[in-house]
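Listed below are the residues making up each chain.
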Amino acid sequence: MHVVGRLLVSSFVITFVGGPVAAEAVMLRAGEATGPNAVFAIDKAKPHMIVVRTTQVGVAGSRIEVFVDKAKTPAFRHLFAAGECKFGDIGSKCEVIVPASNPAYAAILAQFKHGRVARVTVDDAGAMKMDQTASLAGFTKSLR
């Protein structure tokens, strides 16, 4: 049985945290705090990287895309591999790391810094979909 796509209405959350991702990272979350969501952890310490995590949405073969403003090409697009996704008590979790050496790293940061609105979509091959549009206001300040 297919699950009907969902439009999640919440905004990006910008916070500073410590923990396993980095000594200091900027976290951008799209989706529900305790439900399906995608988090972009942008590491401000070296080595620079972006860790993209999904919770309760995304499985192997799912595509995540991030479009900023009205761009025709995504700032980020990734197809999750089997080794990047796991299942646990609260559902699926996927994670991919975008190192600073990857051209996508600079593209994501540049578009997030200069953009006004981002749209994050995680599509589980038509079975489930998370589609979130949110403001990027304040992102540049938080990255300093």
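Being a predicted model, the structure only gives us computed values, none of them experimental.

Criteria and thresholds
Residues numbered from 1 in each chain as written. Predicted model: local features only at pLDDT ≥ 70, side-chain atom pairs only at ≥ 80, totals over all residues. Heavy atoms only, no water. Helix = DSSP H or I, 4+ residues; strand = E, 2+ residues; numbered from the N terminus. Buried < 20%, exposed > 50% of the residue type's maximum accessible area, 1.4 Å probe, protein only. Polar contact = N/O pair within 3.5 Å; in protein donor to acceptor, adjacent residues only side chain to side chain. Core = buried A, V, L, I, M, F, W, Y, C linked by side-chain atoms within 4.5 Å. Contact = heavy atoms within 4.5 Å. pLDDT = per-residue confidence, 0-100. Salt bridge = Lys/Arg side-chain N within 4 Å of Asp/Glu carboxyl O. Pairing = 2+ DSSP bridges.

Trainee: Just checking my understanding: could you explain the environment of N37 for this structure?
Mentor: In this fold, N37 is placed in strand β4 (residues 37-43). For N37, a relative accessible area of 5% corresponds to the buried category. Linking N37 and V122, residues 85 residues apart in sequence, is a C-alpha distance of 9.0 Å. Separated by 3.1 Å, the side chain of N37 and the backbone oxygen of E32 make a polar contact.

Trainee: Could you clarify how one ought to interpret unusual backbone geometry in this entry?
Mentor: As a rule of thumb, non-glycine residues mostly have phi less than zero, and peptide bonds are mostly trans rather than cis. Non-glycine residue Q56 carries a positive phi angle of around 65 degrees. The residue Q56 is located in the loop between β5 (49-55) and β6 (63-68) in this model. The phi angle at D69 is positive, at roughly 55 degrees, despite the residue not being glycine. Examined against the element boundaries, D69 turns out to sit in the loop between β6 and β7 (76-79).

Trainee: Sorry, what's going on with the nonpolar core here?
Mentor: Soluble globular proteins: nonpolar side chains tend toward being buried together. Residues F40, I50, I64, F76, F112 and V120 are the most contacted members of the largest nonpolar core, which totals 29 residues. Breaking this core down by element, the ones donating at least two residues are β3 (25-31), β4, β5, β6, β9 (91-99), α1 (103-114) and β10 (117-123). The biggest single contributor to this core is α1, with four residues. When neighbours within four sequence positions are excluded, F40 is seen to be in contact with V26, M27, L28, I50, V51, V52, I64, V66, F76, F112 and V120. A25, M27, A41 and V51 belong to the second-largest nonpolar core, a separate cluster that totals six residues.

Trainee: Got a minute to help me understand the confidence of the model for the protein in this structure?
Mentor: The predicted coordinates ought not to be read in detail in places where the model reports low pLDDT. For the protein, per-residue confidence averages 79 on the pLDDT scale, and residues scoring 70 or more make up 80% of the total. Looking at the elements of the protein, mean pLDDT is at its lowest for strand β1 (residues 6-7), recorded as 32, and at its highest for β7, recorded as 94. The low-confidence segment residues 1-23 (pLDDT under 50) makes 65 contacts with residues lying over four places distant or belonging to another chain.

Trainee: Please clarify how the pattern of salt bridges should be interpreted in this entry.
Mentor: Proximity of charged atoms lets side chains of opposite charge pair with each other. Per the counting criterion, the structure on display carries three salt bridges. R53 serves as the salt-bridge partner of E95, at 2.6 Å between the closest nitrogen and oxygen. In this pair, E95 is assigned in strand β9 and R53 in strand β5, connecting sequence segments 42 residues apart. Residue class for E95 comes out partly exposed when judged on its relative accessible area of 34%. Residue R53 is classed as partly exposed on the basis of its relative accessible area, which comes to 28%. Ionic pairing is found between R77 and E65, a salt bridge with its closest N-O pair at 2.6 Å. Within this pair, whereas R77 is found in strand β7, its partner E65 is found in strand β6, the two being separated by twelve residues in sequence. For E65, a relative accessible area of 17% puts it in the buried group.

Trainee: Sorry if this is basic, but what is going on with the pairing of β4 here?
Mentor: Regular strands have side chains that alternate between both faces of the sheet. When you tally the buried positions in β4, you get seven out of seven residues, the bulk of the element. Burial along β4 is two-sided: the residues N37, V39, A41 and D43 and A38, F40 and I42 are all buried. Note that β4 and β5 share six bridges and pair antiparallel. If you follow N37 over to β5, its bridge partner there is T55. Two successive antiparallel strands, β4 and β5, enclose a turn made up of five residues.

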